[in-house]
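# Summary of structural features
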Amino acid sequence: MSYTEETATYADDARDGDDPWAAVHQFSQARSRSGGLAVRTTAQGLPVAVHIASTELDKHPELLAADILRLCKQAAMSAGIRLRENLLAAGIDRDLVNEMKLPRPEDLSAAEERDDEEADAMTSWLRR
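Residues numbered from 1 in each chain as written. Predicted model: local features only at pLDDT ≥ 70, side-chain atom pairs only at ≥ 80, totals over all residues. Heavy atoms only, no water.

## Description of the overall build of the protein chain
Cut-off, in case you're wondering: Starting at the N terminus, helices and strands are each numbered in turn, a helix being any DSSP run of H or I of at least four residues and a strand any DSSP run of E of at least two. Each residue's exposure class comes from its accessible area (1.4 Å probe, protein chains only) as a fraction of the maximum for that residue type: buried when under 20%, exposed when over 50%, partly exposed otherwise. When checking whether two residues touch, look at their non-hydrogen atoms; a contact exists if any pair is within 4.5 Å. For every accessible area listed, the method is Shrake-Rupley and the probe measures 1.4 Å; residues are considered covered only by the protein chains on display.
Scanning the protein chain from N- to C-terminus turns up three helices and four strands. Mapped from its N terminus to its C terminus, the protein chain presents α and β elements in the order β-β-β-β-α-α-α. Here the protein chain holds 128 residues, and the buried ones make up 35% of them. Across the protein chain, every contact between residues at least 6 apart in sequence was considered, and the portion connecting residues at least 24 apart equals 51%. Approximately 8100 Å² of the protein chain is accessible, and the part contributed by carbon and sulfur atoms is 53%.

See the structure below:
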């Protein structure tokens, strides 16, 4: 799974470009490595759109749901990373931003690696 940096504002009205909190009012997107699954979420990770390619429908429903949930979490992490960067760029004290426990780019990378390892793990001793 991987995320993309594409964003769009929730409302049609344009937000002030100087607002460090603008990331909270943007959608995030995440897409599976194969491109068969894509989600568009709020900054909190709530899905507002899900694209499922017909090839993904061959998966067991629980696996498909887990993949969608992982993508939603990754999209929320990317929104948190953008918020962290915006707050730091706006001059907010680094200690205060750290107290907010917003994700860092390395957190997203670690989550993607973990998801990739789980996807590659054997599901049974009979088959892969």
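## Let's talk about the nonpolar core
Just so we agree on the cut-off: For the purposes of this section, nonpolar cores are sets of buried Ala, Val, Leu, Ile, Met, Phe, Trp, Tyr and Cys residues that join through side-chain atoms within 4.5 Å.
Judged by nonpolar contacts, Ala30, Leu37, Val39, Leu64, Ile68, Leu71, Cys72 and Ala75 together constitute the single largest core of eight residues. No other element matches helix α1 (residues 61-89), which puts five residues into this core. If near-sequence neighbours (up to four positions away) are discounted, Ile68 is found in contact with Leu37, Val39, Val50 and Ile52. Judged by nonpolar contacts, the second largest core, of five residues, contains Ala23, Leu83, Leu87 and Leu102.

## Re the pattern of salt bridges
To keep things clear, this is the line we draw: Here a salt bridge means any side-chain nitrogen of Lys or Arg lying within 4 Å of a carboxyl oxygen belonging to Asp or Glu.
Overall, the coordinates contain three salt bridges when judged by the stated rule. Among the ionic pairs, Lys59 bridges to Asp67, the shortest N-O distance being 2.4 Å. The class for Lys59 is partly exposed, based on a relative accessible area of 31%. Residue Arg70 is joined to Asp67 by a salt bridge in which the shortest nitrogen-to-oxygen separation is 2.3 Å. Here the residue Arg70 and the residue Asp67 both occupy positions in helix α1, the gap between them amounting to three residues, near one helical turn. Residue classification places Arg70 among the partly exposed positions, given a relative accessible area of 22%. We classify Asp67 as buried; its relative accessible area is 7%. Within the structure, one salt-bridge network assembled from shared partners comprises Glu56, Lys59, Asp67 and Arg70.

## Regarding the confidence of the model for the protein chain
Counted only if it meets this: The quantity called pLDDT is the predictor's confidence in a given residue, expressed from 0 to 100.
The share of residues in the protein chain with pLDDT of 70 or more is 79%, and the mean pLDDT across the chain is 83. Note that pLDDT drops below 50 for residues 1-5; the model gives that stretch 28 contacts with residues more than four away or on any other chain. Throughout residues 7-15 the model reports pLDDT below 50, and contacts reaching past four residues in sequence, or to other chains, amount to 19 contacts.

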